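Survey of secondary and tertiary structure
Read off the chains here:
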Amino acid sequence: MITIFKNTFGKYLLALLVLCGVACTQKLYDRLGTSVVSVAATESVNPVFTRQAINPCVRIEVNIPKGHKELNFNAISGIIGNVSLGDIERIELYKGNEKPDFTGTELLGSVIPTGKKFTIPFESKPVVGQHIFWVSLSLKTGANTAHKITLNVEQLTDKTGVIYKINQRSVTAKYIGIGLRLPKDENVHTYRIPGMITTDKGTLIAVYDIRYDDSRDLPANIDVGMSRSTNGGQSWGEMKNIIDMEGPKDNSGAGDPCVLFDPVTKTIYVAALWSKGNRSIAGSGPGLSPEETGQFVITSSTDDGLTWTKPYSITSQVKNPEWRLFFPGPGNGIAMTDGKLVFPAQYWDAQKMPHATLIYSDDHGKSWKSGIGAKSNTTESQLVETAQGTLMLNMRDNRGGFRSIATTADFGKSWQEHATSRNTLQEPVCMAAFIKAKVMVKGHLKDVLFFCNPNDSKSRKDITIKASLDMGETWLPVNQLLVDSRNCYGYSALTKVDDHTVGLLYEGVGSLLFVKIPVKDIIK
C-alpha cells in the first residue's frame, strides 16, 4: 500500500522530490503520510494457450480512497521467468472486470519482451474507487507445450514519478497449452464434447462436436470432428469431419462422440448419436429405425486416424426397442486385458428415465452387446478395468452433488454400488474424464486411475485432475491438481501421453483446450 500525504509538509516535500527527479516509493510515503492507495495482485489459475489471443495471468486491484486526487499511471513493470522468450508473442495490459473472462475489457498497452524484465507503457487516469487491471500473455503458435511460464508484476508507475510497489501474493508456473478448437475456427460457432485416446504409435486422437450454428445440443446442425497429433500434442493436424449424417441440417446431426483404440487390430473406433430430425433426448421414441429413434452409430480407422469408414448404425444390436433412446458415453472407451472392447453408454427407458450402462464387443468390433442400467437417473459415464474382468463405471448423476460409482464383473448384467458412490467425487452435474494409465510414480511404473471434472458441487468451474493409487478405493486430496479455476462448459477427456505425462482436453466456453500435465504435479 502507498501512503499519499495529507499534511502540507508532505505535499511540498513530494513536489520538491518529483521536481528533482527522485522516484517516490512506497517506503518513503509510509514515513511521510497516512492517506492510502492500495495496490494488490493475484494470480489467475489457468494455463496459457497458443492460438488464444488473451490469456489472463495476473489480476491487479487498485483502490483509491475517497478524497484522493486522480492518478495518472503510465507504466507497469514485472519479470517473466521459467520460459524461453521465443514462446511469447507479447505481454499485454487490459482494463477489465472482476473475473478473468475479459468481457468488456479494454487493451491499454503491450510490449514484446526482449529479456526477463518487462515494462508495458500505457495511459490510465483512475479516479476514486476500485479499478481492475489484467496482465495477459499472447503466445507464438509454436510455443513449447513442455515449458511453463511465471509472471511477477512488481510495480505501477505514475507520471508524477510515484512508484506503486505491488506485492503479488504468489508466483507459480503456468502450463503452456494449445487452443485446439476455438470459436469461429472454420466458421464454426462452438466446439464441444471432447474425447481423446492414444494409439500404439503414440498418436493422439481427439474427437468432438462441430456445432456450426450455435451452442445448443442435438437436434441441431452438428457433425463429429477429429484432430490428430503425432508429436505428443505439441502440434495438431487439420480438423477432419468423420461423422456427417444425412438429414435436414437445421434439425439433424451427429454428436456426443466416444473414442477407443483396439491394440490387437490397430483399429480406432468412434461412436456417436445420430439424430435424424428431432430424434435426440426430447424427440426420440421407441423402435429401432432412424425415423423412430436416435441411432448409435460407429466409424472406424485402420490407418492411425488418416482415413475413416462410412458411419453405420449398431442400434438394432444394442437397443431394447421399448427404450426411447440409446447412445454413447461420451468421452472414451477401453480395450480390456482379454481383448474385449467396451464403450460407456446411456439409455432412456420406456418411462423416459435415464440409465448409465455399457456396450461391449468380444469379436473386435464385428458385433456389440449391451448391459442393463447401473443406476437410474444417471447419464454420461466413463469406465476403467480395475482388475481383470472387473469394470468400474463412473457416472454423471442428475441428483447432483457427487458422482455415482458402480462395478460389474459380467459386462453390465448386474451391478454393485461402490463404497465411493455419492460421497467422494463431487460434481455440479456434468460429464467427467476417467482413465487408467500405467505411469511413473516415484521411480516405478504403476497403474493409476485419473479423474477430471469441475471440482465443485454446484458450478462448472475449477477443472481439476485427481489420482487414485488404489484403483478408485480412495482419492486422497494430496493427489490432485487444480488446472483451471475459470467458469467453463466443463466436459473433459484424459489420455496418457507418455510414462511421465497425461494429456487433458477440456471445454472452455465454446472452445476445446489441450494441455499436458506432468504426473509428478498431480501425485505428490
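Residues numbered from 1 in each chain as written. Predicted model: local features only at pLDDT ≥ 70, side-chain atom pairs only at ≥ 80, totals over all residues. Heavy atoms only, no water.

1. Examining the sheet that holds strand β37 (residues 463–468)
A sheet is described by the order of its strands in space; here four strands give the open sequence β35-β36-β37-β38, paired in antiparallel fashion. Each edge of the open sheet is held by one strand with a lone partner, namely β35 (433–441) and β38 (480–484). Looking at each pair of strands side by side, their axes are set apart by 30° on average, direction ignored. The pairing of strand β36 (residues 444–454) with β37 spans six bridges and is classified as antiparallel. The partner of N453 across the bridge, within β37, is T464. (Pairing = 2+ DSSP bridges. Helix = DSSP H or I, 4+ residues; strand = E, 2+ residues; numbered from the N terminus. Axes fitted to C-alpha atoms, helices over the stretch in contact; angles between N-to-C directions.)

2. A word on the confidence of the model for the protein
When pLDDT is averaged along the protein, the result is 92; 91% of the residues meet or exceed 70. For residues 1–34, every residue scores under 50 in pLDDT, and the model assigns this stretch 53 contacts once sequence neighbours within four places are set aside. (pLDDT = per-residue confidence, 0-100. Contact = heavy atoms within 4.5 Å.)

3. Quick notes on the pairing of strand β18 (residues 253–262)
Moving residue by residue along a regular strand, the side chains alternate between the two faces of the sheet. For β18, the tally of buried residues reaches 10 of 10 residues, placing the bulk of the element in the interior. Inspection of the sheet shows β18 paired to strand β19 (residues 267–275) by eight bridges, in the antiparallel sense. The residue of β19 that forms the bridge with G253 is S275. Here β18 hands over to β19 after four residues, with K266 in that stretch at a positive phi of 60°. As defined by bridge partners, β18 adjoins strand β23 (residues 331–332) across two bridges and the pair is classed as parallel. Within β23, the position partnered with V259 by the bridge is N332. (Buried < 20%, exposed > 50% of the residue type's maximum accessible area, 1.4 Å probe, protein only.)

4. Digging into the sheet that holds strand β30 (residues 390–397)
Strands sit in the order β29-β30-β32-β33 across an open sheet of four strands; the sheet is antiparallel. One side of each edge strand has no neighbouring strand; the edge strands of this open sheet are β29 (378–387) and β33 (416–417). Looking at chain direction, strand β32 (residues 404–408) and β33 are connected through two bridges and run antiparallel. The residue of β33 that forms the bridge with T407 is Q416.

5. Overview of the pairing of β32
Counting buried residues along β32, five of its five residues qualify, which places the element largely inside the surrounding structure. Covered by surrounding structure in β32 are S404, A406 and T408 together with I405 and T407, the residues of both alternating faces. Here five bridges tie β30 to β32, and the two strands are oriented antiparallel to one another. Each residue of the ladder has a partner; that of L393, found in β32, is A406.

6. Quick word on the side chain of D87
Along the chain, D87 turns up in the loop between β5 (73–81) and β6 (88–95). It turns out D87 is buried and unbridged, and the closest side chain with the opposite charge, K140, is 8.0 Å from it. Of the polar contacts made by the side chain of D87, one reaches the side chain of H147; its length is 2.7 Å. When sequence neighbours within four positions are dropped, the list of residues in contact with D87 reads L139, K140, A143, N144, H147 and I176. (Lys, Arg positive; Asp, Glu negative; His and termini not counted. Salt bridge = Lys/Arg side-chain N within 4 Å of Asp/Glu carboxyl O. Polar contact = N/O pair within 3.5 Å; in protein donor to acceptor, adjacent residues only side chain to side chain.)

7. Quick notes on the nonpolar core
Of all hydrophobic cores here, the largest spans 35 residues; its most connected members are I60, V62, I76, I91, V135, L151 and L156. Only β2 (35–43), β4 (56–64), β5, β6, β7 (106–111), β8 (117–124), β9 (129–139) and β10 (148–158) provide two or more residues apiece to this core. Within the second largest apolar cluster, 27 residues are counted, among which are A433, C452, I465 and L494. (Core = buried A, V, L, I, M, F, W, Y, C linked by side-chain atoms within 4.5 Å.)

8. Section: the packing of aromatic side chains
Where two aromatic rings form a pair, the distance of their centres and the angle of their planes describe that pair. Taken as a whole and judged by the stated rule, the model has 17 aromatic pairs. A centroid spacing of 6.2 Å and a plane angle of 80° characterise the contact between Y269 and W368, whose relative ring orientation is edge-to-face. Taken together, the residues Y269 in strand β19 and W368 in the loop between β26 (354–361) and β27 (369–370) connect sequence positions 99 residues apart. Neither Y269 nor W368 differs from the other in exposure class; each is buried. Judged by centre distance (3.7 Å) and plane angle (5°), the rings of W323 and Y347 are stacked. Highlighted residues: W323 in the loop between α3 (315–318) and β22 (325–328) and Y347 in strand β25 (residues 341–348), separated in sequence by 24 residues. The exposure classification of W323 matches that of Y347, with both residues buried. The ring of Y191 has R181 lying over it, and the distance from NZ or CZ to the ring centre is 5.3 Å. (Phe/Tyr/Trp six-rings, centres within 6.5 Å; stacked < 30°, edge-to-face > 60°. Lys NZ or Arg CZ within 6 Å of the ring centre and 35° of its normal.)

9. Describing the environment of K125
By the secondary structure assignment, K125 is in the loop between β8 and β9. Residues K125 and L71 lie 54 residues apart in sequence; the distance between their C-alpha atoms is 5.2 Å. Ignoring any residue separated from it by four or fewer positions in sequence, one finds K125 in contact with E70, L71 and N72.

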